[in-house]
Amino acid sequence: MTGSLLEVIALDVRDAVAAEEGGADRLEIVADMSVGGLTPAAETVAAIAKESALPQMVMLRCNAGFTVGPEELEGLEAEVRALAEAGAAGFVFGFLDAEGAVDLAATEALIQAVTPLPWTFHRAVDNAADVQASWRAVRLLPNLATVLTSGAPSGIAAGLPVLRARAEAGDAPLILAGGGLQPHLVPPLLDYGVRAFHVGSAVRESWSHPVDAALVRRWRHLVDTI
């Protein structure tokens, strides 16, 4: 990896190959971005592993919200093994309870299921009833690699002060900045000490179009300009 970490959302093999060609360091593998990304098929992960050497962080999410029921959780736990065997390098998940607090019981159950692989807590952390309390709860969880966060539900433009405060408190290594990330927001994040960046729609014309390697290359240059 050169400089910062650049993670690109991939829906299929074509996306993964283009992301790698553009200089991405890591992939987030999801299905159905119309609802913000759900668990992909193990077959997708296996197909990508054959064509791309990039690490795959695989989404574990079965509905459009941030809550998970007991049966849904069991289903996700059951999928972990097949996804890991297919080539997952780690996983992306995280849940809120009905009151909007971090659902520690559900999240810890999946941590156990994916251990020893690393995992990312996704943007549920930005949609909690108390964003500061949710961050405090998440940052102490075991095997946590990064937290995909914009600092605010509406995106990084609004969340910059929150991300700055977290970085100043020593949590910059945990921050995977994503959610409305735009080029002009990268320099201040780099100044804060953030070194991990997540892009999806920014590297494609639309979600019905594949990842554009040229756009990934631009982001590669941007996040490495320290």
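- As annotated in an unreviewed UniProt entry, the protein chain carries the name Copper homeostasis protein cutC homolog and is attributed to Sphaerisporangium krabiense.
- Its UniProt record gives the protein chain the following Sequence similarities (unreviewed entry) comment, quoted word for word: "Belongs to the CutC family."

Considerations on the pattern of salt bridges
(1) Moving on: Applying the stated criterion across every chain, the model contains 9 salt bridges.
(2) Moving on: Taking the shortest distance from any N to any O, the salt bridge between arginine 123 and aspartate 126 comes out at 3.1 Å.
(3) Moving on: For arginine 139, the salt bridge is made with aspartate 171, and the minimal N-O distance between the two is 2.8 Å. A residue pair is termed long-range when its members are at least 10 positions apart, and arginine 139 in the loop between α5 (131–138) and β6 (144–149) and aspartate 171 in helix α6 (residues 156–171) qualify at 32 residues.
(4) Moving on: Residue classification places arginine 139 among the partly exposed positions, given a relative accessible area of 34%.
(5) Moving on: Overlapping salt bridges bring together Asp25, Arg220 and Asp224 as one network.

Considerations on the packing of helix α3 (residues 70–86) against helix α4 (residues 104–114)
(1) Moving on: Running from N to C, α3 and α4 point in directions that differ by 15 degrees, and their axes come no closer than 9 Å. Comparing their axes, α4 and α3 come out roughly parallel. Considering the relative orientation of α3 and α4, their crossing is right-handed. Residues Leu73, Leu76, Glu77 and Val80 of α3 lie in contact with α4, whose contacting residues are Ala106, Ala109, Leu110, Ala113 and Val114.

Notes on the packing of aromatic side chains
(1) Moving on: In the structure shown here, the tally under the stated rule is 2 aromatic pairs.
(2) Moving on: Between the aromatic rings of phenylalanine 93 and tryptophan 119, the centroid separation amounts to 4.6 Å while the plane-to-plane angle is 10 degrees, which identifies the pairing as stacked. Of this pair, phenylalanine 93 sits in strand β4 (residues 90–93) while tryptophan 119 sits in strand β5 (residues 119–121); the two residues are 26 residues apart in sequence, bridging distant segments of the chain. Comparing phenylalanine 93 with tryptophan 119 shows no difference in burial state: the two are buried.
(3) Moving on: A connected cluster of aromatic rings, assembled from ring pairs, spans Phe93, Trp119 and Phe121.

Reading guide: rules and limits
- Residues numbered from 1 in each chain as written.
- Predicted model: local features only at pLDDT ≥ 70, side-chain atom pairs only at ≥ 80, totals over all residues.
- Heavy atoms only, no water.
- UniProt positions renumbered as here; feature names shortened; annotations may be inferred.
- Salt bridge = Lys/Arg side-chain N within 4 Å of Asp/Glu carboxyl O.
- Helix = DSSP H or I, 4+ residues; strand = E, 2+ residues; numbered from the N terminus.
- Buried < 20%, exposed > 50% of the residue type's maximum accessible area, 1.4 Å probe, protein only.
- Axes fitted to C-alpha atoms, helices over the stretch in contact; angles between N-to-C directions.
- Parallel < 35°, antiparallel > 145°, perpendicular 65-115°, else oblique.
- Left-handed = near helix turned anticlockwise from the far one by under 90°.
- Contact = heavy atoms within 4.5 Å.
- Phe/Tyr/Trp six-rings, centres within 6.5 Å; stacked < 30°, edge-to-face > 60°.

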